Amino acid sequence: MTVLNERQQLSYIAAQAADARLNVELETEGMTLNIGPQHPATHGTLRIIARLDGEQVVWAEPVAGYMHRGYEKLTEVRTFPQVTALINRIDWLGSFANEVPFILAAEQLMEIEAPPRAQYIRTILFELSRIANVSLFLGDLGVQMGAITPVFMAFRDREYVLNLIEGATGGRFHPNFDRIGGLKDDLPKGWIAETKQVMKKLRTFCDEIEDLLFGNEIFQSRTRGVGIIPADVAKSYGMTGANLRASGVDWDLRRDQKNAMVWDQADFKVWTHPDGDSWARCWIRLQETREATKIVDQLIDNIPAGPVMTKVPRIIKVPAGEAWVSTENPLGEMGYYVVSKGDLGPFRVKIRSASFNNISITPWVLKGVYVPDIITILASLYFILGDIDR
Amino acid sequence: MSDTATGTDETAALPGDGLREGIVDRLRSDLGEHLLDTYLIPHTDLWVRVSAEAWGQTAAALKAQGFDHFCFLSALDWLPSPFGKGEDDPDAEPVAISTELVQGYTGGETRFQVFARLTDIKRHVGVTIKADVPESMSVPTWLPHFAGANWHERETHEMFGIGFEGHPDLRNLYLPGEFEGFPLRKDFPLLSRMVKPWPGIVDVEPMPVAAQEGDGES
Amino acid sequence: MGLVDRGRMPAPLTKLFNMGRSYSMWVYQWGLACCAIEMGAAFGSPRYDVMRLGVIPLPASPRQADLVVVSGTVTDKMAPAVKRLYEQMPEPKYVISMGSCANCGGPYWDSYSVTKGVDQIIPVDVYVPGCPPRPEALLEGIVLLQQRIKNEDMAAKWRNEEFTTLQKTAALEKAKSQPAPEPIVVGGGPIE
């Protein structure tokens, strides 16, 4: 699968020819560029080793593991309720969304289901964490290309969402609010009205970012046609989320999979883009933020009355069995394969995190690009280090 | 839901879910006797177990069926942890822990199993594939079928010590090169827990009366 | 600054220097994990606005920085890089350890790959607890560090000694300048 696509191949040949002409006069040798593990242009501590020929990447290899914290081993020595506190921190920008698939898997094994009110609140908080996650991506996008302003706007408007999450859960960053069988608490008073206002603000933010960034000529020329990933390659690497949809594959677990969440009660569009380049990936995420605000708006008016917690024993023992549950997290498909032996804690948890698969394509996609494009391609693939290294 | 592996005959008798039954039928015609066992929860999920020799062949057969989205690949160690949860009082008598291997759905014979998951994006269905890892601790690689298996196999190799025949580069992905041992094996100890009992466990501290009687101060 | 090295700086001048140092701190953001986002919110967002405290969070490299904020989990694979970063920074340098992971390992206290606290590798001046700490907590940590710098004996810092306040040094100096009391010997003979 290491074959370049036609466009990359042609551009590579052209650059080679140009270099060959130049090399007659200037003897140039290949060099190895090491970006990271700490570098302003990387999010977190991913290290990229790139072999360069002039300004062009001959091969590039990401080195992960600088943030490997051993989640899968640690879950084996925790009880089920303790695991949620841990897995919050995998994708640290959309923490609440990390808890949900694990809780759903445990509920599937226990054959219980959260009450409808809890399902609604879960879905709303899930979408809020998506907004908190992706809005920072949209701001950070500018920084990767030298535009500082968007990140200030992103931090400004993200605070509103974090306030909402904090208001409902008590945790600004890592809520740890989900319980097996429901939620810890009900929503506070006045939360619904405030949420509606914030969603309006967030839609304005999306418009501003679209004006400021997506309409910008520099942004367009640096992302259009750069880092193209065809659909079959994306599927073979197991890419998910916006990265897959930007390659034209219409696959969204919120719509295509049945589980104890209420996305089917909301009317939203799953955006796809045929291009598969960096620009498409960024644009899909912008649209998804908009759709997420719409989902929240629709669900928040229809929250049914009732309890937020079903009846579960005080000490939770999950029956023996195996369950795989995945949801469409901000970064892509995140799933937990939970093996229980009927104990207080899980026997084995395999965490399938989205960024791990999404970033494993980098050696393929970085081949033949220019050095500045490394940064834009990595930014548009959008990864969280905790989600790669776990 | 029962944890006992259901044989293929009972699976066919379960009501509904012709989609997943069709997948099993087609896989059986492709693999023949290499398809060892299946387990199906109707309208929820499907597990199949194949022999280790047919591990690569299974990927090709499922890909031909439309399962062209690679989800993950990892391994399972069915040995019960000899250290328990590692949160007991270090001075107390160690409790004997059974070392009997009890495999999950679709059964199995060996301590280690590799398992992977593929998704069919068009039909909205996924399947979990398992295979026993033979004594040689090595199974064929999935790299020719799914490029994404590269990193997953590297991870499985460093975490469990399972080799993948045909994988060009099984370097450590996460851990520093000089790291010794395979962390996700059940007999890999978490040393921090050995020296210090888990502070979060309920009732780890003795009641004040018990402490006066010299029952330890942990 | 020969005066500083030799510890011959008059105390009022030291105070003036210290004030200058504490209000023009260049902070290198060593963001490792979750806390990096809260650090970003504290340093980069208009709501918290760290520059009003006289802190400049945008040095191009650790070689220009006075202060490094280590925020997030330090793993054993990362530890050599953290150490090297610290060695690159020019003296006088300060370290804030942000978040439970950098303080002591945090939720990963029993992990096989996590360093149990960044203070095992480099000396830490201020610990900010929390998982992650709110941006306000980090700002509080910076304010505390500034207060500490204002009162610091620069000469001791330059000699790579432990943190000493000006008052403490003054007290020591005073103790030195007084003649040591003659040992009282019973019988009056020399001490063997």
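Residues numbered from 1 in each chain as written. Chains lettered and ligands numbered in written order. Predicted model: local features only at pLDDT ≥ 70, side-chain atom pairs only at ≥ 80, totals over all residues. Heavy atoms only, no water.

(A) Local environment of the packing of helix 6 (residues 149-169) of chain A against helix 3 (residues 34-44) of chain C. Orientation of helix 6 of chain A relative to helix 3 of chain C, taken along the N-to-C sense of each, is 110°, at an axis distance of 10 Å. If you check the angle between helix 6 of chain A and helix 3 of chain C, you find them roughly perpendicular. Here the hand of the crossing between helix 6 of chain A and helix 3 of chain C comes out left-handed. Along the contact surface, helix 6 of chain A presents A:Phe152, A:Phe155, A:Arg158 and A:Glu159, while helix 3 of chain C presents C:Ile37, C:Gly40, C:Ala41 and C:Gly44. Looking at the contact of helix 6 of chain A with helix 3 of chain C, its residues break down into four nonpolar, two polar and two charged. (Axes fitted to C-alpha atoms, helices over the stretch in contact; angles between N-to-C directions. Helix = DSSP H or I, 4+ residues; strand = E, 2+ residues; numbered from the N terminus. Parallel < 35°, antiparallel > 145°, perpendicular 65-115°, else oblique. Left-handed = near helix turned anticlockwise from the far one by under 90°. Contact = heavy atoms within 4.5 Å. Nonpolar A, V, L, I, M, F, W, Y, C, P; charged D, E, K, R; others polar.)

(B) Molecular detail of the interface of chain A and chain B. Facing 46 residues of chain A, the contacting portion of chain B comprises 53 residues. Taken together, the two surfaces of chain A and chain B that pack against each other cover about 4,200 Å², and 59% of this comes from carbon and sulfur. Run the count over chain A and chain B and you get seven salt bridges. Note that B:Glu155 is salt-bridged to A:Lys350, the shortest N-O span being 3.7 Å. Counting across the interface, chain A meets chain B through 20 residue pairs in polar contact (both at pLDDT 80 or more). Secondary-structure elements contributing two or more residues to the side of chain A that touches chain B are strand 3 (56-63), helix 2 (71-75), helix 9 (231-236), strand 6 (321-329), strand 7 (332-340), strand 8 (348-352), helix 13 (354-359) and helix 16 (385-389) of chain A. Considered class by class, the residues forming the side of chain A that touches chain B number 19 nonpolar, 11 polar and 16 charged. (Buried area = accessible area lost by both parts, 1.4 Å probe. Salt bridge = Lys/Arg side-chain N within 4 Å of Asp/Glu carboxyl O. Polar contact = N/O pair within 3.5 Å; in protein donor to acceptor, adjacent residues only side chain to side chain.)

(C) Local environment of the sheet that holds strand 8 of chain A. Residues and elements named next belong to chain A. One open sheet holds the three strands; their spatial order is 6-7-8, and the pairing between them is antiparallel. With one partner strand each, in any of the chains shown, strand 6 and strand 8 form the two edges of the open sheet. Within the sheet, the average angular offset between the axes of one strand and its neighbour, ignoring direction, is 10°. Direction of pairing for strand 6 relative to strand 7: antiparallel, over a ladder of nine bridges. Across the sheet, the residue bridging to Ala323 is Val338, located in strand 7. Sitting on the sheet, helix 4 (residues 95-110) is in contact with strand 6, strand 7 and strand 8, with an inclination near 150° to strand 6. (Pairing = 2+ DSSP bridges.)

(D) Expanded view of the packing of aromatic side chains. All names here are of chain B. Enumeration according to the criterion identifies 26 aromatic pairs over all chains in this entry. Between Phe72 and Phe115, the ring centres sit 5.3 Å apart and the planes meet at 75°, which makes this aromatic pair edge-to-face. Here the residue Phe72 occupies a position in strand 3 (residues 69-77), and Phe115 occupies one in strand 4 (residues 112-120), the gap between them amounting to 43 residues. We classify Phe72 as buried; its relative accessible area is 0%. Its relative accessible area of 0% is what places Phe115 among the buried residues. A centroid spacing of 6.4 Å and a plane angle of 80° characterise the contact between Phe112 and Phe160, whose relative ring orientation is edge-to-face. Residue Phe112 is located in strand 4, and its partner Phe160 is located in helix 4 (residues 149-160); the two are separated by 48 residues in the primary sequence. Under the relative-accessibility criterion, Phe160 is labelled buried at 1%. (Phe/Tyr/Trp six-rings, centres within 6.5 Å; stacked < 30°, edge-to-face > 60°. Buried < 20%, exposed > 50% of the residue type's maximum accessible area, 1.4 Å probe, protein only.)

(E) Structural view of helix 2 (residues 11-22) of chain C. All names here are of chain C. Compared with an ideal rise of 1.5 Å per residue, which puts 12 residues at 16 Å, helix 2 spans 16 Å between its outermost C-alpha atoms and is within 8% of the ideal. All buried positions along helix 2 are accounted for by Thr14, Asn18, Arg21 and Ser22. Projected down its long axis, helix 2 shows its buried positions confined to an angular sector of 85°, all on one face. Those residues of helix 2 that are exposed and aimed more than 90 degrees away from the buried face are Pro12 and Leu16. (Expected span 1.5 Å × (residues − 1). Arc of directions from axis to C-beta.)

(F) Inspection of helix 12 (residues 278-300) of chain A at higher detail. The end-to-end C-alpha distance of helix 12 of chain A, which contains 23 residues, comes to 33 Å, matching closely the 33 Å that a straight helix rising 1.5 Å per residue would cover. The buried fraction of helix 12 of chain A amounts to 21 of the 23 residues, a majority that puts the element mostly inside the structure.

(G) Broad picture of the pattern of salt bridges. The final tally for this structure, using the stated rule, is 44 salt bridges over all chains. Between B:Lys186 and A:Glu76 there is a salt bridge; the shortest N-O distance is 3.2 Å. With B:Lys186 in the loop between strand 7 (163-165) and helix 5 (191-195) and A:Glu76 in the loop between helix 2 and helix 3 (80-87), this residue pair bridges two chains. Judged by relative accessible area, which is 8%, A:Glu76 ranks as buried. Between A:Asp185 and A:Lys184 there is a salt bridge whose closest N-O contact spans 3.0 Å. Overall, A:Asp185 belongs to the partly exposed group, its relative accessible area being 37%.

(H) Fine view of the interface of chain C and chain A. Listed by partner, the interface residues are 33 residues for chain C and 31 residues for chain A. When the two sides are added together, the surface that chain C and chain A hide from each other amounts to roughly 2,700 Å², 60% of it contributed by carbon and sulfur. Of all residues in chain C, C:Ile37, C:Lys77 and C:Tyr108 bury the most surface against chain A, accounting for 21% of the area lost on that side. Where chain C meets chain A, there are four salt bridges. A:Glu166 is paired through a salt bridge with C:Arg134; the nearest N and O atoms lie 2.5 Å apart. At the junction of chain C with chain A, the criterion picks out 15 residue pairs in polar contact (both at pLDDT 80 or more). Taken together, the elements giving at least two residues each to the side of chain C that touches chain A come down to strand 1 (25-31) and helix 3 of chain C. For the side of chain C that touches chain A, the element with the most residues is helix 3 of chain C, which contributes six residues. The class makeup of the residues in the side of chain C that touches chain A is 19 nonpolar, nine polar and five charged.

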